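Coordinate analysis (summary)
Chain by chain, the residues:
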Amino acid sequence: MKANTYHLWTIGCQMNEADAWRAAAMLESAGYRPVEHARDAQFLLLSTCVVRQQAEDKILSRLKYVEELKRAEPSRTVALMGCFVGFRPGAGDELRERYPFVDLFVPPSATGELARWLAARTGSAEENTDPDGEPPPLPESLSGGRTVRANLPVVLGCSHACAYCIIPHRRGPERSRPADAVLAEARGLAGRGVREIVLLGQIVDRYGLDLGPGAPRLPELLRRVAGVPGIRRVRFLTSHPNWITPELVETVAGTPGLMPYFEIPVQAGSDAVLAAMRRGYTAGRYEELVAGLRERIPGVGISTDLIVGFPGETEAQFTESLDLMRRIDPDMIRVAKYSPRPNTLSARTMPDDVLPEEKERRRVAIESQLREMLEAKHAPRLGRTEEILVERIEPGGRRYGRTPDGKTVFVDACNAALGDVVRVKNTWTGAFSFIAEPA
Ligand code: SAM
C-alpha cells in the first residue's frame with residue numbers, strides 16, 4: 001500500500017461516472033494520486049449501480065475483495081458511493097451494520113460526506129474543499145492525459161417513477177442545477193481541454209422546470225453551453241418521449257455544435273406493457289416522435305433502451321417490440337432483461353413470470369435483429385466522408401472518435417491530435433463501428 005493514493009472502481013451509467021470523477025477530483029485536490037491496482041491504494045472508492053440485480057451482484061463480490069484488503073491493511077479507507085447507498089438520510093446506518101469495514105457512505109451526486117471527511121483528515125483539504133460548494137468536476141490525472149469528452153450532470157434525481165425503476169428511490173426527487181453553475185463548470189471543463197460536453201439527466205428534457213418561471217429550460221441551456229469558447233460539440237441525454245418539445249428539436253436542428261443525436265428509451269413495443277410500466281405514452285406516439293425528428297433533422301442518430309421479459313409480457317407483446325424496432329430503425333438499442341428491484345411498483349405487485357431462459361432468448365432476438373439492421377443501414381456509408389472529434393488515441397496509434405450522429409470510428413494512418421475535428425473517409429463499415437482513413 002502506498003501513502004496518499006486512491007483507487008476508483010466504478011460501474012453503471014454516465015451519471016455514476018460523473019459522480020465518481022467528482023469524488024476522484026476532490027481526492028486529488030486533497031493530495032491523493034490514482035493507482036492502477038486496488039491493493040496498492042490507501043483510499044478505495046467504489047461507485048455503485050443497482051439498476052439491475054446483476055450490477056448489485058458485482059458490488060457484493062467487489063465488497064468481499066475490498067473487505068480482504070481492509071483486513072490486511074486496516075489503515076486503508078473504504079468509501080462506498082452511489083445508488084447502492086441511496087439518498088435517504090440514515091441509508092448508511094443500515095449498511096454500516098452489514099459492512100462494518102466501510103468507513104464512508106456517500107449518497108449519489110452528493111459529495112459533502114467525502115468533503116467533510118477530507119476536511120477533518122487533512123488541513124490542506126480544508127482550503128480546497130468546501131463541503132457545501134461545487135467540487136471540482138474533473139480529476140487532474142484525467143485531464144493531464146487530456147479528457148476530450150466529459151459528462152456534466154444538469155438534472156439530478158428523477159420523479160417519474162416508472163414501475164420497474166429503482167433510480168428515483170436511490171437518487172431522490174428531480175432537481176435541476178442552476179444554469180450559472182452548469183455554465184461555470186462547462187467553462188472550467190473547456191479550460192482543461194474538454195471539447196465535447198454531454199449534459200446528463202434521467203429526463204434531461206425536463207431541465208429547468210423545477211427552477212421556476214424565467215429560469216432557462218434545456219434549449220437555452222444547450223445554446224449557452226454550445227457557445228462556451230473551446231467547446232466543439234454538445235450532446236444531452238436521456239430524453240423521455242413526453243418531454244421533447246418542438247423548441248428542443250428546433251434548437252438541435254439549428255444550433256452549430258449541438259449534435260444531431262437523441263437517446264430516447266422506448267422500453268417496450270406493446271401499449272399494454274408500456275401502460276403497465278407507467279411510461280405515459282404509446283408505441284404509436286413514439287413512432288410519430290421519431291418520424292418527426294428524422295424529418296426535421298436529416299441524419300439524426302437515435303438510440304433507445306428496451307426491456308425484455310417485463311412481468312406478463314407475452315410472446316405476441318414481445319413480437320410488438322421486435323416489429324417496432326424494425327419500423328423505428330434505431331441507431332442503437334440497449335436491451336435489458338427485466339430485473340425486479342426492491343420497493344418498485346412492479347416488484348411489489350407484478351410476478352416476475354417470464355423465465356430467465358425466455359428473457360435471454362428475447363434479448364438475443366433483439367440483438368441479432370439490431371446487428372442485421374445496422375449492417376444494412378451502415379453499408380451505404382462505405383466510402384463516405386464523416387466528421388469526427390478525436391477522443392482517444394489507441395495503443396497502436398489509431399484515432400478513435402464519433403460522428404455527429406454517434407457512430408464509432410477508428411481512423412488508420414491519422415496524426416490528428418486529441419480534440420481535433422477531422423474529416424475521414426470510411427474504408428469499412430460494420431454494425432457497431434467504422435474504419436476510416438483521413439479524407
Ligand atoms: N431515465 C432513463 C429512462 O427514461 O429510462 C434511463 C434510466 S436507467 C439508468 C437506464 C436503463 O436501465 C433504462 O432505460 C431501462 O431500460 C433499464 N432498466 C431500468 N430499470 C430496470 C429493471 N428493473 N430491469 C431491467 N432494466 C431496467
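These remarks concern the structure in this document. This structure is a prediction, so every number in the text was calculated from the model and none was measured. (Residues numbered from 1 in each chain as written. Predicted model: local features only at pLDDT ≥ 70, side-chain atom pairs only at ≥ 80, totals over all residues. Heavy atoms only, no water.)

1. A look at the sheet that holds strand β15 (residues 399–402)
Put simply, the rule reads: When DSSP finds two or more bridges between a pair of strands, those strands are recorded as paired. Numbered from the N terminus, helices here are DSSP runs of H or I no shorter than four residues, and strands are runs of E no shorter than two. Axes here mean lines fitted to C-alpha atoms, for a helix over just the part in contact, with angles spanning 0 to 180 degrees between N-to-C directions.
Read around the barrel, five strands follow the order β14-β15-β16-β18-β17 and close on themselves; strand pairing throughout is mixed. Pairs of neighbouring strands in the sheet enclose a mean axial angle of 50°, with direction left out of account. Sheet topology places strand β14 (residues 385–393) next to β15; four bridges connect them, and they run antiparallel. Its bridge partner being in β15, L389 is matched across the sheet by R402.

2. Some points on the pairing of strand β6 (residues 149–153)
The side chains of a regular strand alternate, residue by residue, between the two faces of the sheet. Rule in force here: Each residue is assigned to one of three classes by its accessible area relative to the maximum for its type, calculated with a 1.4 Å probe on protein chains only: buried under 20%, partly exposed between the two thresholds, exposed over 50%.
Most of β6 is tucked away: five of the five residues are buried. Here β6 shows a buried face lined by R149, N151 and P153 and a second buried face lined by A150 and L152. Relative to strand β9 (residues 196–200), β6 runs parallel, the two being bridged by five bridges. By the bridge assignment, L152 is partnered in β9 with L199.

3. Here we look at the pattern of salt bridges
The line we're drawing: Here, a salt bridge means any side-chain nitrogen of Lys or Arg that lies within 4 Å of a carboxyl oxygen of Asp or Glu.
Counted under the stated rule, the structure contains 40 salt bridges. Here E358 makes a salt bridge to R362, at a shortest N to O gap of 2.7 Å. With E358 and R362 both in helix α15 (residues 356–378) and four residues apart, this pair spans about one turn of that helix. Here R381 ties to D405 by a salt bridge, and the two come within 2.9 Å at their closest N and O atoms.

4. Quick word on the site of the ligand
This is how the line gets drawn: One heavy atom within 4 Å of a molecule or strand is enough for the residue carrying it to be called near that molecule or strand. Residues adjacent in sequence count toward polar contacts only when both atoms are side-chain atoms; beyond that, a polar contact is any pair of N or O atoms within 3.5 Å, and within protein one must be able to donate a hydrogen and the other to accept it. Charged residues are taken to be Asp, Glu, Lys and Arg, nonpolar residues to be Ala, Val, Leu, Ile, Met, Phe, Trp, Tyr, Cys and Pro, and polar residues to be all remaining types, Gly included.
Taken together, the neighbourhood of the ligand is formed by 16 residues, with Y164, Q202, Q267, D305 and S339 sitting nearest. The separation between a nitrogen atom of the ligand and a polar side-chain atom of R52 is 3.2 Å. A distance of 3.4 Å separates an oxygen atom of the ligand from a polar atom in the side chain of R279. Elements that contribute at least two residues to the shell around the ligand include exactly β12 (301–308) and β13 (332–337). Per-class residue counts for the shell around the ligand are seven nonpolar, four polar and five charged.

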